[in-house]
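# Coordinates in review
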Amino acid sequence: MPKIVLTDVCKRFGDFYAVDHLDLTIDDHSFVTLLGPSGCGKTTTLRMIAGLETPTSGRIEIGDTVVFDSERGINVPANRRKVGFLFQNYALWPNMTVYQNISFGLKNQKKYTKEQIDEIVARVAHVVKIDMFMDRYPAELSGGQQQRVAIARTLAPEPSVIFMDEPLSNLDAKLRLEMRSELQRLHLTTGCTFVYVTHDQMEAMTLATRICLIDNGVLQQYDAPLDVYNRPNSLFVADFVGNPAINFSEATGEQAADGTIAVDLPDEA
């Protein structure tokens, strides 16, 4: 499985930096959430790694392959980056059955026999527990079932990296909880690297092996969830993921030489 490395990546619209000199390493097999408020640059970051958005400058590597380098003029198309992308709206073909939706990408690659496609579709459908719906159309499925079809379609070409842009936001609260567990199970069983965009702190805390917290296009903290929660490295991080009962106006602190801040909370916190 490949490691993903972003080096000094920028995305600029005029004078506005949507992503501002981002350095980030995503280890293989990890589940990384790109977390932050709306408009912070997390979806733009995801789309640049996937090849759906062209950075203004910087370098992106996926495994041993440089997929973007502004100085060398390298920009590998999205369809050659061997990644899967799960969209927020599922993007299922309404006139195709579940089987046809899952097999669509495999047929377009023109490298699989009919028997191989049948085997792959059956396997991924079993993994996401939709075996019994193969002849149904998307309109005949619930939201959670449609989501599983979209996941199966993403898994079918066996990508080493799966990108997800707020894929649970259209589901109700109960289904979101169920699909969180499903995504965790899929991460463990497939061995893929998952990169997941969300603005939901709880979602990030429960799903991720590491959280990449972004604000105004700038990386604020990149750590394991409990480290982000228990040891925030700035007031913004503490306020965004922390306990809302804490009154930060009553806290005091000192900044050390290495830039870290030790905060003393009021006794009632």
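Here the structure is shown first, and the text comes after it.
Since the structure is predicted, the reported quantities are computational estimates derived from the model, not experimental observations.

We now examine the overall build of the protein chain. Counting its secondary structure elements, the protein chain contains 8 helices and 13 strands. Taking 2.2 N^0.38 as the reference for a compact globule, 269 residues should give roughly 18 Å; the C-alpha atoms of the protein chain span a radius of gyration of 20 Å, in line with that estimate. Long-range contacts, defined here as pairs at least 24 residues apart, represent 60% of the contacts in the protein chain between residues at least 6 apart. Total accessible area on the protein chain stands at roughly 13,700 Å², and carbon and sulfur atoms take up 50% of it. Taken as two groups, the 25 positive and 35 negative side-chain charges of the protein chain have centres that lie 11 Å from each other.

Let us look at the pairing of strand β11 (residues 218-223). Of the strand pairs in this sheet, strand β10 (residues 210-215) and β11 are connected by 5 bridges, and their pairing is antiparallel. Opposite C212, over in β11, you have Y222 as the bridge partner.

Located in the positive-phi region is D8, a residue other than glycine, with phi close to 50°. Locating D8 in the fold gives a position in strand β1 (residues 4-13). In this structure D8 comes out as partly exposed when scored by relative accessible area, which is 36%.

On to the sheet that holds strand β8 (residues 161-165), then. Reading across from one edge, β7-β8-β9-β3-β10-β11 is the order of the 6 strands in this open sheet, with mixed pairing throughout. The sheet terminates laterally at β7 (83-86) and β11, the two strands that pair on one side only. The mean angle between the axes of side-by-side strands here comes to 15°, regardless of whether they run parallel or antiparallel. Along the sheet face, helix α4 (residues 143-155) touches β7 and β8 and points at about 165° away from the line of β7. Sheet strands touched by helix α5 (residues 173-190): β3 (31-35), β8 and β9 (193-198). Its angle to β9, the strand with the most contacts, is close to 160°.

Below, the discussion takes up the nonpolar core. Residues V98, I102, I130, I151 and M164 are the most contacted members of the largest nonpolar core, which totals 35 residues. Of all elements in the fold, only α2 (98-109), α3 (114-127), α4, β8, α5 and β9 reach the threshold of two or more residues within this core. Sequence-distant contacts of M164, that is, excluding residues within four places in its chain, are made with F31, L46, L86, L183, F194, V195, Y196 and V197. Counting 30 residues, the second-largest nonpolar core is a separate cluster that includes I49, I60, F68 and F163.

This paragraph deals with the packing of aromatic side chains. Here the structure, examined in full by the defined rule, presents 5 aromatic pairs. Ring geometry for F236 versus F240: centroids 5.7 Å apart, planes at 25°, classification stacked. Of the two residues, F236 and F240 are both situated in helix α8 (residues 235-241); the distance of 4 residues between them amounts to about one turn of the helix. The lysine or arginine in question, R210, covers the ring of Y222, its NZ or CZ lying 3.9 Å from the ring centre.

Cut-offs and rules
Residues numbered from 1 in each chain as written. Predicted model: local features only at pLDDT ≥ 70, side-chain atom pairs only at ≥ 80, totals over all residues. Heavy atoms only, no water. Helix = DSSP H or I, 4+ residues; strand = E, 2+ residues; numbered from the N terminus. Rg over C-alpha atoms; globule rule 2.2 N^0.38 Å. Contact = heavy atoms within 4.5 Å. Areas by Shrake-Rupley, 256 points an atom, 1.4 Å probe, with all protein chains shown as cover. Lys, Arg positive; Asp, Glu negative; His and termini not counted. Charge placed at Lys NZ, Arg CZ, Asp CG, Glu CD. Pairing = 2+ DSSP bridges. Buried < 20%, exposed > 50% of the residue type's maximum accessible area, 1.4 Å probe, protein only. Axes fitted to C-alpha atoms, helices over the stretch in contact; angles between N-to-C directions. Core = buried A, V, L, I, M, F, W, Y, C linked by side-chain atoms within 4.5 Å. Phe/Tyr/Trp six-rings, centres within 6.5 Å; stacked < 30°, edge-to-face > 60°. Lys NZ or Arg CZ within 6 Å of the ring centre and 35° of its normal.

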